[in-house]
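Summary of structural features
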Amino acid sequence: MSEILLSQLAHVELLSPRPDETVRWMKDVFGLEETTREGQSVYLRGWAEWLHSSLIVTESDQPGVGRIGWRTYGPEDPETIAKRLDGTDEAVGWVDDWPGHGATFQYRAPEGRHLHEVFWEVDRYEAPEDRKDPCIKNRPQRYPGRGIGARYLDHVTVPTPNMRADIDFYTRLGARHTAQTEVEPGFSVFSTLTCNGIRSTHDLALVPDFSGMTGRAHHIAFRVDQRLDVERAAEQFLAHDTPIEFGPGVHGIDEITYLYVREPGGFRMEINAGGWVNTMPDWETTTYDAAGGNPGQSLYRNVDAPAGFHDAWPLPPTGAAERERDTIASDRLRPFYGSTAGSGR
Ligand SMILES: [Fe+2]
């Protein structure tokens, strides 16, 4: 019998030292919709998303990512995952009072220590009458036509000090490891995973963390429909003085059209479209060789990411930052990191 435990990446909590500006930007420029506010958090969703919230902005000293939420495939699955992790260092426990979802089991990845949570019961978004789409019932609301109109949460990318151990952990909980780039056999520097059988590219990506820190995050990605929408988003970002870090361009491994910007809190956000379709439940991980360049970076092999594109948050203290920079600039890793080895700070 096949087993699918998770149905989708449901939400990511973005930590922001400038929460008011981050939320305003997420609504006016990124085009998200506000659901509710509670405590130090504001709950937002893409206009076409049926769940209560997909981005939770929470005030914090430094940018970063907090909770990473996954909806399970069925009502028994949170318990299955809890039992599977019972008594391990990864298990955190049950919580049941979060806005937007019911009984929730939390756990941490063994090495990256990122906080994940799984749940089945969800609050569905219910639009007021004047915002319901009069024709298209598959839409939870009318297209709002604001900012870049980010439509769905797509993926989150996080660094980990031990790629292999965390990949093994995530695959034990139902993820498929779809692709990786190695600088040498067994040394992965980029990996994509997806939690279900119909995902086009990935909902979780891992990159290595050479700083000695854990729990850091590289970016959160949302999706629009068309490649042209990404180019239009670039115009919107320019018009709103949002710093564009990288793109628009097309990645090689997943073939998504990407664009990376920095939101007002300093964190990196991606907007993307397209990508190849992977419907193969028995897909075996594709391994790319980093020798001769970074195959994931550019489909056309003609663009390098800018200096500092490896930066992740929270930023490391001085000593750890130097260790990370030296490692990335080493002969062993230069083929992969290339011009990104410098600091963007
Ligand atoms: Fe991404």
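Residues numbered from 1 in each chain as written. Predicted model: local features only at pLDDT ≥ 70, side-chain atom pairs only at ≥ 80, totals over all residues. Heavy atoms only, no water.

Brief notes about the overall build of the protein chain
- When helices and strands are tallied, the protein chain shows six helices and 17 strands.
- Overall, the C-alpha framework of the protein chain stretches about 60 × 50 × 40 Å when taken along its three principal axes.
- For the protein chain, the accessible surface area stands at approximately 15000 Å², while carbon and sulfur atoms represent 48% of it.
- For the protein chain, the separation between the mean place of its 35 positive charges and that of its 53 negative charges on side chains is 3 Å. (Helix = DSSP H or I, 4+ residues; strand = E, 2+ residues; numbered from the N terminus. Areas by Shrake-Rupley, 256 points an atom, 1.4 Å probe, with all protein chains shown as cover. Lys, Arg positive; Asp, Glu negative; His and termini not counted. Charge placed at Lys NZ, Arg CZ, Asp CG, Glu CD.)

Observations concerning the sheet that holds strand β11 (residues 187–194)
- Strand order in the open sheet formed by nine strands is β14-β15-β16-β13-β9-β12-β11-β10-β17, and the pairing between neighbours is mixed. Only two strands of the sheet have a single partner each, and these edge strands are β14 (244–250) and β17 (286–289). Each strand axis lies, on average, 20 degrees off the axis of its neighbour in the sheet, ignoring direction.
- Where β11 lies against strand β12 (residues 204–208), three bridges are found, and the strand directions are antiparallel. Paired with Leu193 across the strands is Leu204, a residue of β12. (Pairing = 2+ DSSP bridges. Axes fitted to C-alpha atoms, helices over the stretch in contact; angles between N-to-C directions.)

A closer look at empty space enclosed by the protein
- If you walk through the whole model with that rule in mind, you get four cavities of 30 Å³ or more.
- Volume-wise, the largest cavity comes out at about 420 Å³.
- Lining the largest cavity are 31 residues, with Phe190, Val207, His218, Phe309 and Phe336 sitting closest to its centre.
- At the level of elements, β9 (152–160), β11, β12, α5 (318–328) and α6 (334–337) are the ones that each hand at least two residues to the lining of the largest cavity.
- Counted by class, the lining of the largest cavity contains 15 nonpolar, eleven polar and five charged residues.
- Each pocket or cavity is described by its volume, and for the second largest cavity that value is around 70 Å³. (1 Å grid on protein atoms, 1.4 Å probe; cavity = no way out; pocket = protein on both sides within 12 Å on 5 of 7 lines; lining within 4 Å. Points joined across faces, edges and corners; volume = space filled by probe spheres on them. Nonpolar A, V, L, I, M, F, W, Y, C, P; charged D, E, K, R; others polar.)

Side note on the side chain of Glu90
- By secondary structure assignment, the location of Glu90 is in the loop between α2 (77–84) and β6 (91–95).
- Those residues within four positions of Glu90 in sequence are excluded, and the remaining contacts are Tyr107, Arg108, Ala109, Pro110, Arg113 and Phe169. (Contact = heavy atoms within 4.5 Å.)

Notes on the UniProt feature "domain: VOC" (unreviewed entry) in the protein chain
- When the UniProt feature table is mapped onto this chain, "domain: VOC" (unreviewed entry) is found at residues 8–121 and 152–274.
- Along residues 8–121 one finds 16% helix and 43% strand; the C-alpha atoms at either end are 13 Å apart. (UniProt positions renumbered as here; feature names shortened; annotations may be inferred.)

What to know about unusual backbone geometry
- Gly247 connects to Pro248 through a cis peptide bond whose omega is 5 degrees.
- Residue Pro314 is bonded to the preceding Trp313 through a cis peptide linkage, with omega at 0 degrees.
- Relative to the elements of secondary structure, Pro314 occurs in the loop between β17 and α5.
- Unusually for a residue other than glycine, Arg113 sits at a positive phi of about 60 degrees.
- Mapped onto the secondary structure, Arg113 falls in the loop between β7 (104–108) and β8 (115–119).

Thoughts on the coordination of the iron ion
- Coordination of the iron ion by the protein involves His155 (NE2), His219 (NE2) and Glu270 (OE), with metal-donor separations of 2.0 to 2.1 Å.
- Read N to C, the donor residues that coordinate the iron ion are spaced as H-x63-H-x50-E. With His155 in strand β9 and Glu270 in strand β16 (residues 268–274), the pair connects residues that are 115 residues apart, well separated along the chain.
- Classification of His155 by relative accessible area gives buried; the value is 1%. (Donors = N, O, S within 2.8 Å, 3.2 Å for Na, K, Ca; no water. Buried < 20%, exposed > 50% of the residue type's maximum accessible area, 1.4 Å probe, protein only.)

Quick word on the packing of aromatic side chains
- Considering all chains together, one arrives at 18 aromatic pairs under this definition.
- Seen from their ring centres, Trp25 and Phe30 are 5.2 Å apart, and the 25 degrees between their planes marks the pair as stacked. Both residues of the pair, Trp25 and Phe30, count as buried.
- Ring geometry for Trp276 against Trp283: centres 5.2 Å apart, planes inclined by 55 degrees, an arrangement best described as tilted.
- Trp276 gets classed as partly exposed once you look at its relative accessible area, which sits at 28%.
- By relative accessible area, Trp283 is classed as partly exposed at 29%.
- Aromatic ring contacts, followed pair by pair, group Trp94, Phe105, Tyr107, Phe169 and Tyr170 into a single cluster.
- One cation-aromatic arrangement involves Arg45 over Tyr125; the distance from NZ or CZ to the ring centre is 3.6 Å.
- Here the basic side chain of Arg67 rests over the ring of Trp98, its NZ or CZ set 3.5 Å away from the ring centre. (Phe/Tyr/Trp six-rings, centres within 6.5 Å; stacked < 30°, edge-to-face > 60°. Lys NZ or Arg CZ within 6 Å of the ring centre and 35° of its normal.)

Some points on α2
- Along α2, the positions that sit buried rather than exposed are Asp77, Pro78, Ile81 and Ala82. All buried residues of α2 lie within an arc of 145 degrees about the axis, which places them on one face of the element.
- Tucked inside the fold, the buried residues of α2 contact β1 (6–16), β5 (64–72), β6, β7 and β8. (Arc of directions from axis to C-beta.)

What about the pattern of salt bridges?
- Applying the stated rule across the entire model yields 21 salt bridges.
- Between Glu33 and Arg146 there is a salt bridge, with the nearest N and O atoms lying 2.6 Å from each other. Placement of Glu33 in strand β2 (residues 33–38) and of Arg146 in the loop between β8 and β9 is noted, with a sequence separation of 113 residues between them.
- Residue class for Arg146 comes out partly exposed when judged on its relative accessible area of 24%.
- For the salt bridge of Asp133 with Arg139, the shortest nitrogen-to-oxygen distance reads 3.9 Å.
- Note on Asp133: relative accessible area 16%, which makes it buried.
- The network of salt bridges with common partners includes Glu13, Arg67 and Glu117. (Salt bridge = Lys/Arg side-chain N within 4 Å of Asp/Glu carboxyl O.)

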